[in-house]
Structure formats: structure tokens, C-alpha cells
Amino acid sequence: AQSVSQHNHHVILSEAASLELGCNYSYGGTVNLFWYVQYPGQHLQLLLKYFSGDPLVKGIKGFEAEFIKSKFSFNLRKPSVQWSDTAEYFCAVNLLDYGGSQGNLIFGKGTKLSVKP
Amino acid sequence: DVKVTQSSRYLVKRTGEKVFLECVQDMDHENMFWYRQDPGLGLRLIYFSYDVKMKEKGDIPEGYSVSREKKERFSLILESASTNQTSMYLCASSFHVREGRYEQYFGPGTRLTVT
């Protein structure tokens, strides 16, 4: 079965530290890629997305992600985190040629980010 | 602004009860989805629907059924609730950005406890 791996279960950083959250997927075909964020007590929000074109995509709140096709990766980055970035982050993949023609997503297990003030 | 609403934020039911979770979206989206979210497991797709009266099984459909009688409403049904169905249930809808490109938007979730 196709899967999405997020390498870190829980990441703890101090404010102003740089962030990189890993995401890998196991599928060689055409993909659409997403990062979602869930702040404490809030619903899942779309952070950024990749469909095609420039593999470096920018999202909201200073986040960016880079699609590296050869590595099947879509890592999320932020140069300087803030306490307000404390949340759970989910990577998700839409496998266009593998049952994903209606946009259904496969999610990773999530990474909890705690930012210490 | 896309709005996906779910009928309850919190629900407590007894084992064996029939449970209905309702989801409504106001953006005329074609596709709707039900996920469950469990700590350490992420989101797992239960069912989705790409049109009225159409449904497709997701990764974990056992013990669940769905109904989509109107485009804006997608219901998740637990025929006989069990304690292992205690979870957060998330509804989503998606729109077709362009050919092969969809964006999903999520509701606030229903935290269901089965005792």
C-alpha cells in the first residue's frame, strides 16, 4: 500500500530556531503534495501545496516546502520559528494515478512541533 | 471563505447505539470525505463521495457507512458503535482547481466517545 512517512513524531525548538520537517512518500507516479497544520483546538488548515512547476513552494506564515522528485520527498521548512507555530503538522499526498483521481489524500502520521518561548 | 460544518463538536454514545455524524459544506464542492484522526496514526480515510448518492470506500470502512442524498451534506453512520470507534472524526470537501488538482478543506471535527 502507498504510504506517507513523517520522520519526526515530536520536535522541540526554541524561538528563532530553523525548522525542517521531513516527509517522504512511496509512489513513483504523478503526485500532488500538501502540508496541513492543526493548531491546538483548531481545525486542519492548508499550509501550502504543490501541483507542478517550481519545486520550491511558499505557503502562509513564512513556511515553504521543497519537492525533490528523485528522493520522493516534500520537506517543510521555516527559517525562524515562533511560539505561535506550536501545532501539529501533517504531510499529505494525492496519488493521481492510483485511486486519487477525485483528490483523496493519504496522510502522514503527523509531527508535533513545540516551540519554547 | 470555504465553510465545512459538522453537527457536533463533542458526542458521547453508548456501545451498540446507532450514531449519525453530519457534515455540511456551503461551496458546492463535488467531493466530500470522512476521516478519523487518532494520536500517532494521523488521518485515515473512511469513505468519500464524488457525487450525490455515490460513495467509495477508503482505507478503513469497516463498521461505518455513509449517505449523500444532497450535494452539500455527507453523513457518516456508525451502525452499532463500539469503544474502538472512539476518535476524532473529520469531514472535508474538495474543489477541482484544475484538471487533476484538488484542494481539500476541513471541518472542525467531532470528538466521539463511545462508552
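See the structure above.
Remember, it's a predicted structure, so these values are computed and weren't measured experimentally.

Peer 1: How would you explain the overall build of chain B if you had to name every residue and give the values?
Peer 2: Looking only at helices and strands, chain B features zero helices and eleven strands. In chain B, the succession of α and β elements from N to C terminus is β-β-β-β-β-β-β-β-β-β-β. For chain B, the C-alpha radius of gyration of 14 Å lies close to 13 Å, the compact-globule estimate for 115 residues. Along the longest, intermediate and shortest principal axes, the C-alpha atoms of chain B span 45 × 30 × 25 Å. Put simply, of all contacts in chain B between residues at least 6 apart along the chain, 54% involve residues at least 24 apart. Accessible area for chain B stands at about 5700 Å²; split by element, carbon and sulfur atoms hold 48% of it. For chain B, the distance from the average site of its 17 positive side-chain charges to the average site of its 16 negative ones is 5 Å.

Peer 1: Summarise the pairing of strand 8 (residues 73-78) of chain B; cite the residues concerned and give the values.
Peer 2: Residue and element names in this part refer to chain B. For strand 8, the buried fraction is high: five of the six residues fall into the buried class. One ladder, built from six bridges, connects strand 3 (residues 19-25) with strand 8; its direction is antiparallel. Across the sheet, E22 pairs through a bridge with S75, a residue of strand 8. Across five bridges, strand 7 (residues 64-70) lies against strand 8 in antiparallel orientation. Within strand 8, the residue paired with Y64 across the bridge is L78.

Peer 1: Would you mind going over the pairing of strand 6 (residues 45-50) of chain A in detail, with residue names and values included?
Peer 2: Residue and element names in this part refer to chain A. Note: strand 5 (residues 31-38) against strand 6, five bridges, orientation antiparallel. Residue pairing for strand 6: L33 is matched across the bridge by Y50. Adjacent in sequence and paired antiparallel, strand 5 and strand 6 are bridged by six residues, among which G41 carries a positive phi angle near 75 degrees.

Peer 1: Mind laying out the state of the cysteines, listing which residues take part and the relevant values?
Peer 2: Following the criterion strictly, the structure yields two disulfides over all chains and no others. Here C23 of chain A is linked by a disulfide to C91 of chain A, with a sulfur-sulfur distance of 1.9 Å. Given an S-S torsion of about -65 degrees, the disulfide between C23 of chain A and C91 of chain A has left-handed geometry. Taken together, the residues span a long stretch of sequence, with C23 of chain A in the loop between strand 3 (19-21) and strand 4 (24-25) and C91 of chain A in strand 10 (residues 87-95) at a distance of 68 residues. You'll find C23 of chain A and C91 of chain A in the same group, each marked buried. At a sulfur-sulfur separation of 1.9 Å, the disulfide partner of C23 of chain B is C91 of chain B. Every disulfide takes its handedness from the sign of the S-S torsion; for C23 of chain B and C91 of chain B that torsion is -80 degrees, giving left-handed. Here the residue C23 of chain B occupies a position in strand 3, and C91 of chain B occupies one in strand 9 (residues 87-98), the gap between them amounting to 68 residues.

Peer 1: Got a sec to walk through the packing of aromatic side chains? Specific residues and values, please.
Peer 2: Under the defined criterion, the tally for this structure stands at 15 aromatic pairs over all chains. Both rings, one in F107 of chain A and one in F106 of chain B, keep their centres 6.0 Å apart while their planes meet at 75 degrees; by these two values the pair is edge-to-face. Of the two residues, F107 of chain A is situated in strand 11 (residues 106-107) and F106 of chain B in strand 10 (residues 101-106); the pairing between them involves two chains. Comparing F107 of chain A with F106 of chain B shows no difference in burial state: the two are buried. Taken together, a centroid distance of 6.3 Å and an interplanar angle of 25 degrees make the contact between F33 of chain B and Y35 of chain B stacked. There is no split in this pair, since F33 of chain B and Y35 of chain B are both buried.

Peer 1: Break down empty space enclosed by the protein for me, with residues and values.
Peer 2: Residues and elements named next belong to chain A. Within the structure shown, the criterion is met by one cavity of 30 Å³ or more. Taken as a whole, the largest cavity holds about 30 Å³ of empty space. What lines the largest cavity is Q2, S3, V4, Y25, S26, Y27, V93, L95 and I106. A class-by-class count of the residues in the lining of the largest cavity yields six nonpolar, three polar and no charged.

Cut-offs and rules
- Residues numbered from 1 in each chain as written.
- Chains lettered and ligands numbered in written order.
- Predicted model: local features only at pLDDT ≥ 70, side-chain atom pairs only at ≥ 80, totals over all residues.
- Heavy atoms only, no water.
- Helix = DSSP H or I, 4+ residues; strand = E, 2+ residues; numbered from the N terminus.
- Rg over C-alpha atoms; globule rule 2.2 N^0.38 Å.
- Contact = heavy atoms within 4.5 Å.
- Areas by Shrake-Rupley, 256 points an atom, 1.4 Å probe, with all protein chains shown as cover.
- Lys, Arg positive; Asp, Glu negative; His and termini not counted.
- Charge placed at Lys NZ, Arg CZ, Asp CG, Glu CD.
- Buried < 20%, exposed > 50% of the residue type's maximum accessible area, 1.4 Å probe, protein only.
- Pairing = 2+ DSSP bridges.
- Disulfide = S-S within 2.5 Å.
- Phe/Tyr/Trp six-rings, centres within 6.5 Å; stacked < 30°, edge-to-face > 60°.
- 1 Å grid on protein atoms, 1.4 Å probe; cavity = no way out; pocket = protein on both sides within 12 Å on 5 of 7 lines; lining within 4 Å.
- Points joined across faces, edges and corners; volume = space filled by probe spheres on them.
- Nonpolar A, V, L, I, M, F, W, Y, C, P; charged D, E, K, R; others polar.

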